[in-house]
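Read off the chains here:
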Amino acid sequence: MIGTGYVGLVSGACFADLGNTVYCVDKDKEKINKLNKGIIPIYEPGLSEIVKKNYLSQRLIFTSNLGDAVSKSDIIFLCVGTPSTKINKSADLTYVFSAAKEIAKYINKFKVIITKSTVPVTTGDKIEKIISQKKRKKLFEVISNPEFLREGDAIRDFRFPDRIVVGSNNAKVTKKIEFLYEPLIKKGATFFSTNRRGAEIIKYASNAFLATKISYINEIANLCEKTNVNIEDVSIGMGLDKRIGSRFLRAGPAYGGSCFPKDTIALAVTGDDYKIDLSIIKSVIKSNTKRKTILLDRIKNILSNKIKKKKIAILGVTFKPNTDDMRESSSLLLIPYLEKNGAFISYYDPSGKKKNFDKFKKVSFSKNVKEACDNADLIIIHTEWDEFKSIDFKKISKNKNLKIYDMRNLYSPKKMKKLGFSYYSIGR
Ligand SMILES: NC(=O)c1ccc[n+]([C@@H]2O[C@H](COP(=O)([O-])OP(=O)(O)OC[C@H]3O[C@@H](n4cnc5c(N)ncnc54)[C@H](O)[C@@H]3O)[C@@H](O)[C@H]2O)c1
């Protein structure tokens, strides 16, 4: 695995757990040192146990020596980051191409090189070109095997994926990779193969489609708020139609995270490159950007335009529960906005303090829900961590005028009203 981040570490550990010998390579030496000391650099439920078990059985090796790992491996997964470029927010392929150049130097026998990183269509062709400048085409095959795991559920997603997509222009190599995944296929995962470019598009089209579902239900939630309809009922009513499905139909804050924001934009740019107007995804991006402002306005409204000197508790700052990933989380906009407008913020997140907020004087990290909510005028539930689902608000706050803004619809508006709270949620 070249790149030992969320994808490389989880996949590497899980492949080792299936009996393979896996080298997890990262150029970040500190990360590798930590892993060799048993410190897991990310928060992912269940990962630590699998890493430790396979590390001790010497099936999982952490190293910064890419050459050694490549020369000893048959299959090489590229799991490096593909963030947005600064210029036009297309996928930045610098890490992918520089890793490909490095790999090329150490190809000593036939290797399958697989892009697991999310890369735009034709990137595989470009990687093949880079490597063939150094090595004969007979010595390697570049294929695509996009990753669909979700942070927070990554282990389960690896072990029980809905589908394994492989994009390859070489049938023999496809068979080889099918064999690698055989333990998962035997448990029910569907193995689907297509050509290399096809797999590259499947990944972006899937992420963009899920982002579309989220933005769609978020817009419908806005309509529900104005018409006194419960968005939860609308989601259930829609989701019962098997053609639609209930997943990703839960209204909430703008979508965030390490994938959807960058991948939707990168897809739109790819469309432009080919002079194809991907207008639906462009609207989704616009809608998601607007969503952030809509929710800030709602908070302003809840506080009757008086944010200054208000004590606001934020529960959860990561973009979703069960991860420590802060990339593109809507809290990165929310907290600075409230601070700038004069509020005092105490936030709590089960995955710990975030350095993103260190520079803000009026923002502090609390050790638990109770400490964060102490004396709060407004509590905002931002992330759907389990421990926020059964809070006894009466117990944690003595403030009679307490306001609660539940951005994840975790509580019943009726019950909260009965308890006497000013309770606000999304789309109901
Ligand atoms: N995070 C997710 O949930 C997820 C899910 C599916 C797909 N993906 C895709 O997978 C890819 C990786 O995502 P991630 O979240 O794991 O990224 P990440 O930033 O967590 O990890 C990438 C790692 O690659 C390392 N790296 C970069 N260049 C290297 C090189 N030349 N040699 C060795 N190591 C190198 C970095 O130091 C870093 O540790 C991205 O393309 C992403 O879009 C991510």
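Residues numbered from 1 in each chain as written. Predicted model: local features only at pLDDT ≥ 70, side-chain atom pairs only at ≥ 80, totals over all residues. Heavy atoms only, no water.

Caption draft 1: Broad picture of the overall build of the protein chain. Looking only at helices and strands, the protein chain has 17 helices and 13 strands in total. By the compact-globule yardstick of 22 Å for 428 residues, the protein chain fits well, its C-alpha radius of gyration being 23 Å. Expressed along its principal axes, the backbone C-alpha trace of the protein chain runs to roughly 75 × 50 × 45 Å. Relative to all contacts within the protein chain whose residues are 6 or more apart in sequence, the contacts with residues 24 or more apart total 71%. When the accessible surface of the protein chain is split by element, carbon and sulfur atoms take 53% of a total near 21,100 Å². The positive charge centre, built from 78 side chains, and the negative charge centre, built from 45, are 2 Å apart in the protein chain. (Helix = DSSP H or I, 4+ residues; strand = E, 2+ residues; numbered from the N terminus. Rg over C-alpha atoms; globule rule 2.2 N^0.38 Å. Contact = heavy atoms within 4.5 Å. Areas by Shrake-Rupley, 256 points an atom, 1.4 Å probe, with all protein chains shown as cover. Lys, Arg positive; Asp, Glu negative; His and termini not counted. Charge placed at Lys NZ, Arg CZ, Asp CG, Glu CD.)

Caption draft 2: Here's a closer look at the side chain of S346. Structurally, the position occupied by S346 is in strand β9 (residues 344–348). Among the polar contacts listed, one links the side chain of S346 to the backbone oxygen of A372, at a separation of 2.8 Å. With residues up to four places along the chain from it excluded, the contact list for S346 reads K311, I312, A313, I314, S364, S366 and A372. (Polar contact = N/O pair within 3.5 Å; in protein donor to acceptor, adjacent residues only side chain to side chain.)

Caption draft 3: Here's a closer look at helix α6 (residues 123–132). All of the buried residues along α6 are T123, G124, I127, I130 and I131. An end-on view of α6 places all buried positions within 120° of arc, on one side of the element. Along its buried surface, α6 packs onto β3 (75–78), α5 (94–105), β4 (111–115), β5 (140–144) and α10 (196–227). (Buried < 20%, exposed > 50% of the residue type's maximum accessible area, 1.4 Å probe, protein only. Arc of directions from axis to C-beta.)

Caption draft 4: Highlighting empty space enclosed by the protein. Evaluation of the coordinates by the stated rule reveals two cavities of 30 Å³ or more. Considered as a void within the structure, the largest cavity measures approximately 80 Å³ in volume. Looking at the largest cavity, the residues that line it are P253, A254, R291, K292, L295, L296, S330, L333, L334, H382 and M407. Taken together, the elements giving at least two residues each to the lining of the largest cavity come down to α13 (279–302) and α14 (331–340). (1 Å grid on protein atoms, 1.4 Å probe; cavity = no way out; pocket = protein on both sides within 12 Å on 5 of 7 lines; lining within 4 Å. Points joined across faces, edges and corners; volume = space filled by probe spheres on them.)

Caption draft 5: Quick peek at the site of the ligand. The full set close to the ligand counts 26 residues, and D26, K31, T82, E151 and K262 are the nearest of them. With respect to the ligand, the side chain of K31 contributes an N or O atom lying 2.6 Å from an oxygen atom. The separation between an oxygen atom of the ligand and a polar side-chain atom of R327 is 2.9 Å. Against a free-state accessible area of 840 Å², the protein chains account for coverage of 89% of the ligand. Elements supplying a minimum of two residues to the shell around the ligand: α1 (6–17) and α5. Along the lines of polarity and charge, the residues of the shell around the ligand split into ten nonpolar, seven polar and nine charged. (Near = heavy atom within 4 Å. Nonpolar A, V, L, I, M, F, W, Y, C, P; charged D, E, K, R; others polar.)

Caption draft 6: View of the side chain of D325. Mapped onto the elements, D325 comes out in the loop between β8 (311–315) and α14. At 3.0 Å, the side chain of D325 and the backbone nitrogen of R327 are in polar contact.

Caption draft 7: Highlighting the packing of aromatic side chains. In the structure shown here, the tally under the stated rule is 13 aromatic pairs. For the pair F15 and Y181, a centre-to-centre distance of 5.4 Å together with 55° between the ring planes defines the contact as tilted. Linking F15 in helix α1 with Y181 in the loop between α8 (171–180) and α9 (182–186), this pair joins segments that are 166 residues apart in sequence. Accessibility expressed as a relative area gives 3% for Y181, which makes it buried. Arranged with centres 5.6 Å apart and planes meeting at 80°, the rings of Y43 and W385 form a pair that is edge-to-face. Here Y43, found in the loop between α2 (29–36) and α3 (47–56), pairs with W385, found in the loop between β11 (378–381) and α16 (393–396); they are 342 residues apart in sequence, far enough to count as distant. By relative accessible area, W385 is classed as buried at 3%. Here the aromatic cluster, defined as three or more aromatic residues joined through ring pairs, consists of Y347, Y348, F357, F365 and F388. The ring of F160 carries K187 above its face, with NZ or CZ at 4.4 Å from the centroid. When the ring centre of F421 is taken as reference, the NZ or CZ atom of K394 above it lies at 5.1 Å. (Phe/Tyr/Trp six-rings, centres within 6.5 Å; stacked < 30°, edge-to-face > 60°. Lys NZ or Arg CZ within 6 Å of the ring centre and 35° of its normal.)

Caption draft 8: View of the packing of α10 against helix α11 (residues 231–239). The N-to-C vectors of α10 and α11 enclose an angle of 135°; their axes lie 9 Å apart at closest approach. One element, α10, and the other, α11, form an angle in the oblique class. Handedness of the crossing formed by α10 with α11: right-handed. On α11, the residues touching Y216, I217, I220, A221 and C224 of α10 are I231, V234, S235 and M238. Among the residues making up the contact of α10 with α11, the classes are represented as eight nonpolar, one polar and no charged. (Axes fitted to C-alpha atoms, helices over the stretch in contact; angles between N-to-C directions. Parallel < 35°, antiparallel > 145°, perpendicular 65-115°, else oblique. Left-handed = near helix turned anticlockwise from the far one by under 90°.)

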